[in-house]
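Geometric and topological summary
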Amino acid sequence: MTAMALSLPIDPAANDLLNRSPLALLTGMLLDQQIPMEKAFSSPYVLSERLGHDPDARELAGYDPEALVEVFARPPALHRFPKAMAARVQEMCRALVDRYDGDVTRLWSDAADGRELLRRVGELPGFGRQKAQIFVALLGKRYDVRPAGWREAAGGYGEEGAHRSVADITDSESLRRVREFKQAAKAEAKAAKG
């Protein structure tokens with residue numbers, strides 16, 4: 001799965017997992033809300049440590065829901081909202097099993113174009129339009145998953161040279177620029193609300 005690969009300022013083993021496990025990458029993207037990006041994308045590694053192996057969509061889809069909440073809530077919790085996110089990850093895995101036989105790569109490998117890829121990602125539980133666009137950009141920019149029209153489907157997140165999301169992080173400087181973009185966007189949204 002590695003092309004340019006993702007390189008976040010997290011444990012190297014967590015980066016390695018994201019780059020070899022499409023489910024870990026998708027799970028990190030799902031968890032990337034209301035917690036720092038580094039926490040969201042390192043949590044799949046902590047999950048794999050607690051499971052004793054890389055995450056598997058079939059296993060997580062069929063996991064006892066209360067036991068999965070316990071895995072997510074055990075200190076340090078995998079997310080600020082461990083119960084809700086354990087359920088969301090399980091829903092996502094069930095959708096992957098139902099639609100793609102548990103093979104995350106089928107989400108993109110047989111997508112006809114960028115629009116279809118965006119639609120498929122956006123249909124997953126927990127993926128609204130913006131998160132789906134960021135994931136399409138992440139696949140295109142870091143993993144060479146580039147069906148026709150992927151940049152257009154990813155919107156502003158697909159732009160060359162943008163510093164808007166996790167898709168644009170390659171080093172500490174690009175991380176700083178993404179953080180600045182996010183802070184400016186938050187300030188703008190707050191000002192608009194008045």
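Notes on the structure follow.

**A word on the overall build of the protein**
- The helix and strand tally for the protein stands at 11 helices and 0 strands.
- Sequence-ordered secondary structure for the protein, helices as α and strands as β, is α-α-α-α-α-α-α-α-α-α-α.
- Its C-alpha atoms give the protein a radius of gyration of 16 Å, within 12% of the compact-globule value 16 Å for 194 residues.
- When the backbone C-alpha atoms are referred to their principal axes, the protein occupies close to 40 × 40 × 35 Å.
- For the protein, the proportion of its 194 residues judged to be buried stands at 49%.
- In the protein, once contacts between residues fewer than 6 apart in sequence are set aside, the share between residues at least 24 apart is 59%.
- Surface summary for the protein: the accessible area is close to 9300 Å², and the carbon and sulfur share equals 49%.

**Some remarks on the nonpolar core**
- Phe41 and Phe135 are the most contacted members of the largest nonpolar core, which has 62 residues in total.
- The element contributing the most residues to this core is helix 6 (residues 82-100), with 9 residues.
- Other than its neighbours up to four places away in sequence, Phe135 contacts Leu25, Leu26, Met29, Trp108, Val121 and Phe127.

**Some remarks on the side chain of Ser165**
- Within the element layout of this structure, Ser165 appears in the loop between helix 10 (150-153) and helix 11 (172-193).
- Exposure remark for Ser165: the relative accessible area of 1% places this residue in the buried category.
- When residues no more than four places from it in sequence are discounted, the contact partners of Ser165 are Ile134, Tyr157 and Val178.

**Examining helix 6**
- Here helix 6 contains 19 residues, and its C-alpha end-to-end distance of 26 Å stays within 8% of the 27 Å for a straight helix at 1.5 Å per residue.
- Considering only its buried residues, helix 6 is in contact with helix 2 (22-31), helix 4 (57-62), helix 5 (65-73), helix 7 (106-109) and helix 8 (114-122).

**Let's talk about unusual backbone geometry**
- The amide bond that connects Pro75 to the next residue, Pro76, takes the cis arrangement and shows omega of -10°.
- Turning to its location among the elements, Pro76 is positioned in the loop between helix 5 and helix 6.
- The backbone of Gln34 shows a phi angle near 65°, a positive value even though the residue is not glycine.
- Relative to the helices and strands, Gln34 is located in the loop between helix 2 and helix 3 (37-51).
- A relative accessible area of 52% places Gln34 in the exposed class.
- One non-glycine residue, Asp144, lies in the positive phi region at around 55°.
- As for its placement among the helices and strands, Asp144 is situated in the loop between helix 9 (129-143) and helix 10.

Cut-off values and rules
Residues numbered from 1 in each chain as written. Predicted model: local features only at pLDDT ≥ 70, side-chain atom pairs only at ≥ 80, totals over all residues. Heavy atoms only, no water. Helix = DSSP H or I, 4+ residues; strand = E, 2+ residues; numbered from the N terminus. Rg over C-alpha atoms; globule rule 2.2 N^0.38 Å. Buried < 20%, exposed > 50% of the residue type's maximum accessible area, 1.4 Å probe, protein only. Contact = heavy atoms within 4.5 Å. Areas by Shrake-Rupley, 256 points an atom, 1.4 Å probe, with all protein chains shown as cover. Core = buried A, V, L, I, M, F, W, Y, C linked by side-chain atoms within 4.5 Å. Expected span 1.5 Å × (residues − 1).

Keep in mind that these numbers describe shape and distance, not what the molecule does.
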